[in-house]
Amino acid sequence: MINSDTLSGLLTLALTLVAWYHSRDFTYYGGLFVNWVLAVLLALGLTSAVKGLLPARRNQPKEKPDPAAYRKVLATLLVLALGIAAMPWIGFVLGSIAIYTLISMLIAPTRPRSPKGWAQTLVIAAITSGVFYAVFRYVLMVPLPTGTWFG
Amino acid sequence: MLFAFGEIFAPSNFLLLVLSGIAGIIVGCLPGLTATMALALLVPFTFTMPAITGLIMLGGLYVGAMFGDAIPATLINTPGTPSAIATTFDGYPLAKKGLAQHALTANAFSSLVGGLIGTILLLTLSPPLAELGLKFGPPEYFWMAIFGLTIIGTLASQSILKGLTGGALGLLLSTIGISPIAGDVRFTFGVTNLQAGVDLMVALIGFFCIPQVLEMVEFGVKHHRPVKYKPQKGVALQTIAFLLRKPILLIRSSLIGVLIGIIPGAGGNIAALVSYNEAVRWSKTPEEFGKGNIEGIAATETANCSVVQGSLIPMLTLGIPGSPAAAVILGALMLHGMRPGAEMYTTFGHITYTFIFSFFVGVIVMFIFTAWGSRIFARMVNVPLQHLAPMIAFLAIVGSFAIRNSLLDVGLMLLFGLCAYVLHKLGFESGPVVLGLIMGPFAEQGLVQSILMGRASGSVLRLMFSRPISLVLIGLCLASVIWPMVSHWQGKLRTGQREQGPAAAEQPSAAITEEGVVMGRDQ
């Protein structure tokens, strides 16, 4: 299994390659700074990849990943992404209530949650969303999405 | 002076100063809302007011925002404005130890000192400092950016190599959009909205907020719970007494803030980072920074607040705003028929001096409010994790939307957050990436303009390496690169000596040691 130095070095090199490919059509002054930065990234990426292959780094103990924890992280990202994507249709208030409630459920120390726990979280989510919406919309004049489903 | 204070303490003016200051604190607290935005919203209200009243109100809000942005930076590791990035380095670790009130009091007092010293310099040295600001050309901007990038050596506590890579990644991110000189459209992948580039606040919120939420979800209540905050007596006096024993730190940080403030375009974020770097460099125990050191908080917040007055120096004397917020205030001045320059101190002298003196009163009022409120704000650390994490996610979404009213920014924020989480897993830190993002535009514009100027004048190298201010900045860059290595070597020697010496005496709980590290209770 490759360590973080090698992995980060390889990812850096991949990113450098992609950026270099997209920078081929830049003008001289438009690409000057970009090319310098890519050259630095190339050097750092190679150094990191090689450093990770050295014996001292290869033998370092590695943390055991926790699949259950990573599943929760993935679920959180999905909740955030879907909530944000849905906001143009369902509006800020509903979207944020859903995001708040689901993330809170993912972190809750006890499983499964009681109906009282769910109700408490929903109420807090609704109040928080409502207050934020009111302050941003009516005091700070930031037009948060109302949602096309609700006009 | 008597006239000025008489005007400031007139009931309506004083009330507006306090109210606008409190509004500024709230604006500063909310990521995504900036002082510039709030000032722009407030300017129309000044149309019907006397010029003095309008300026007092605008000044109060500007100062309040500089006090307020440190609160979320300390409590939830989320800078309220880009100027508070560096406050997260030591403020949040301190809050996690259950010592949020120490951190918030240090924020408030440091901002007070920065504001007072900045105002004194604004009052007394405006013309020569403004002239100094004018001497900054493209080569100086480039070397200032390189000096800023050398701070990576301080920020990258785990791995210098990964810190440099993070910084370079930040520089690459800063090139997204239309190039400043040639006009190329770079790395937008067909998305029109990206032509304006990556908004710094969107990146900040993504890099600081989302990884924290994801780590709270990953590790859960058992492993990620900070120590509960319990109110203690005498915290404010203890913290202030400690900071009063560090006058050199406070004065140096204030001067850095003012000097960087007078440079057009360079704002509080750069001043705070440079000041933090200098505090680490001059400290006897640099290894304590980043773990909850009050000196780190003092350095950043002092500079952050004195930048306000620094940015007003070129604005009042030359009509060149030192920051976007100063540009809004300039607009307000012109709306009231005042033209920056000599007239400001002669024909409109009574207004100008009242405006400047209002900063004295404003910072004292804001200090009283935020220091007294620190006991209340600190309780936020006790909010249960299952409510704190969604609230941070909430703030992140709202804050990133509020910048340009765009859900694309929210999506970008989430993407940056995911990238930052993956980078954390690979051993990278967010600080160097954000630093690269901040310094990138300065470095690129300075470099390209210098090359253009150099080619026109016959020698690029002579232009880049012969100007006096450039040489000073190059010297600072070299010192900034060499110093961490020397310091690391000295630290190793010191560690060796401590291991051989007698065991340390038991430290009292929640006391501030001479090194500025708050000794917390057992976790």
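Residues numbered from 1 in each chain as written. Chains lettered and ligands numbered in written order. Predicted model: local features only at pLDDT ≥ 70, side-chain atom pairs only at ≥ 80, totals over all residues. Heavy atoms only, no water.

(A) Expanded view of the overall build of chain A. Along the backbone of chain A there are 5 helices and 0 strands. Sorting the 151 residues of chain A into buried and exposed places 40% on the buried side. (Helix = DSSP H or I, 4+ residues; strand = E, 2+ residues; numbered from the N terminus. Buried < 20%, exposed > 50% of the residue type's maximum accessible area, 1.4 Å probe, protein only.)

(B) Focus on the nonpolar core. The biggest cluster of nonpolar side chains holds 203 residues, and the ones touching the most others in it are Phe 136 of chain A together with Phe 207 of chain B. Mapped onto the domain boundaries, this core takes at least three residues apiece from domain 1 (4–53) and domain 2 (67–139) of chain A. In this view, Phe 136 of chain A contacts Met 141, Val 142 and Leu 144 of chain A together with Leu 30, Leu 33, Val 398 and Ala 402 of chain B; residues no more than four positions away in its chain are not counted. (Core = buried A, V, L, I, M, F, W, Y, C linked by side-chain atoms within 4.5 Å. Domains from an automatic or database assignment. Contact = heavy atoms within 4.5 Å.)

(C) Main features of the pattern of salt bridges. Residues and elements named next belong to chain B. With the rule as written, the count across this model stands at 7 salt bridges over all chains. Among the salt bridges present, the one from Glu 295 reaches Lys 246, with a minimum N-O distance of 3.4 Å. Remark: Lys 246 occurs in the loop between helix 13 (235–244) and helix 14 (247–261) and Glu 295 occurs in helix 16 (residues 294–318); sequence separation between them is 49 residues. Note on accessibility: Glu 295 and Lys 246 belong to one class, buried. For the salt bridge of Glu 278 with Arg 281, the shortest nitrogen-to-oxygen distance reads 2.6 Å. (Salt bridge = Lys/Arg side-chain N within 4 Å of Asp/Glu carboxyl O.)

(D) Structural detail: the domain arrangement of chain A. What the domain assignment reports for chain A is domain 1 (4–53) and domain 2 (67–139). Computed over C-alpha atoms, the centres of domain 1 of chain A and domain 2 of chain A are 38 Å apart.

(E) Main features of the layout of surface pockets. Residue and element names in this part refer to chain B. Taken as a whole, the second largest pocket spans an internal volume of roughly 1,200 Å³. Contributing to the lining of the second largest pocket are 46 residues, with Pro 82, Leu 200, Gly 265, Asn 269 and Pro 324 lying nearest its centre. The greatest single-element share of the lining of the second largest pocket, amounting to 8 residues, is contributed by helix 22 (residues 430–457). Of the residues that constitute the lining of the second largest pocket, the class distribution is 24 nonpolar, 18 polar and 4 charged. (1 Å grid on protein atoms, 1.4 Å probe; cavity = no way out; pocket = protein on both sides within 12 Å on 5 of 7 lines; lining within 4 Å. Points joined across faces, edges and corners; volume = space filled by probe spheres on them. Nonpolar A, V, L, I, M, F, W, Y, C, P; charged D, E, K, R; others polar.)

(F) Seen up close, the packing of aromatic side chains. Taken as a whole, this structure holds 19 aromatic pairs over all chains when the rule is applied. Seen in terms of ring centroids, Phe 132 of chain A and Phe 394 of chain B are 5.3 Å apart; in terms of plane orientation they differ by 80°. Their pairing is edge-to-face. Placement of the pair is Phe 132 of chain A in helix 5 (residues 115–139) and Phe 394 of chain B in helix 20 (residues 385–404), with the two residues belonging to separate chains. The class of Phe 132 of chain A is buried, set by a relative accessible area of 17%. Judged by centre distance (5.3 Å) and plane angle (65°), the rings of Phe 89 of chain B and Tyr 276 of chain B are edge-to-face. One end of the pair, Phe 89 of chain B, is in helix 6 (residues 87–96); the other, Tyr 276 of chain B, is in helix 15 (residues 268–282), and 187 residues separate them in sequence. Tyr 276 of chain B matches Phe 89 of chain B in its accessibility class, with the two residues each being buried. (Phe/Tyr/Trp six-rings, centres within 6.5 Å; stacked < 30°, edge-to-face > 60°.)

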